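# Remarks on the overall topology
Each chain, letter by letter, is given below.
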Amino acid sequence: HNNKQLQFIRSCFAAIAGSAAGILGLTNWSGFLFYALSWSTLAVLLVVFKCRHQPGTYFIHGVRELVVDGAVNGMLSYILFHTFLFGLVHLY
């Protein structure tokens, strides 16, 4: 159940971050840096507020499961929403 909730939170957060980056017009390294910063922020928020500083209690692999796992899938959602909103706002 925890992994399903984590995947849902990551997907929504990646969509929101990608939308924000697309609207702001962040491209190339600034867009990637924004993704890395937002992903790190999400990981810190999850560890501090949801796991109460004890991710090993809620997840088998602990911090690795919160920070590393799912980063590529999150990036794909981020790129999808970034491309869509960048195209809507800056190209049309």
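Every value quoted in this text rests on a predicted model; they were computed, and no experiment measured them. (Residues numbered from 1 in each chain as written. Predicted model: local features only at pLDDT ≥ 70, side-chain atom pairs only at ≥ 80, totals over all residues. Heavy atoms only, no water.)

### What about the overall build of the protein chain?
For the protein chain, the helix and strand inventory stands at five helices and zero strands. Ordered by position from N to C terminus, the α and β elements of the protein chain give α-α-α-α-α. The dimensions of the protein chain, computed from C-alpha atoms along their principal axes, are 50 × 20 × 20 Å. Across the 92 residues that make up the protein chain, the buried fraction comes to 30%. Taking all contacts inside the protein chain whose residues are at least 6 apart in sequence as the whole, residues at least 24 apart take part in 73%. As presented, the protein chain carries roughly 6,100 Å² of accessible surface, and 71% of it is formed by carbon and sulfur atoms. (Helix = DSSP H or I, 4+ residues; strand = E, 2+ residues; numbered from the N terminus. Buried < 20%, exposed > 50% of the residue type's maximum accessible area, 1.4 Å probe, protein only. Contact = heavy atoms within 4.5 Å. Areas by Shrake-Rupley, 256 points an atom, 1.4 Å probe, with all protein chains shown as cover.)

### So, the nonpolar core
Residues Leu-6, Leu-42, Leu-46, Val-47, Cys-51, Phe-59 and Leu-66 constitute the largest nonpolar core, which totals seven residues. In terms of residues, this core owes the most to one element, helix α2 (residues 28-50), which gives three residues. Ranked by size, the runner-up nonpolar core spans five residues in total, among them Ala-17, Ala-21, Tyr-35 and Tyr-78. (Core = buried A, V, L, I, M, F, W, Y, C linked by side-chain atoms within 4.5 Å.)

### Regarding the pattern of salt bridges
Summed over the entire model, instances satisfying the criterion amount to one salt bridge. Among the ionic pairs, Arg-64 bridges to Asp-69, the shortest N-O distance being 3.6 Å. Classification of Asp-69 by relative accessible area gives partly exposed; the value is 27%. (Salt bridge = Lys/Arg side-chain N within 4 Å of Asp/Glu carboxyl O.)

### Here's the deal with α2
Helix length check: α2, at 23 residues, gives a terminal C-alpha distance of 32 Å against a target of 33 Å (1.5 Å per residue), a fit within 8%. The complete set of buried residues in α2 reads Gly-31, Tyr-35, Ser-38, Trp-39, Leu-42, Ala-43, Leu-46 and Val-47. Considering only its buried residues, α2 is in contact with α1 (2-24), α3 (55-58), α4 (63-67) and α5 (71-91). Immediately beyond the C-terminal end of α2, within one or two residues, lies Arg-52, with a positive phi of roughly 55°. (Expected span 1.5 Å × (residues − 1).)

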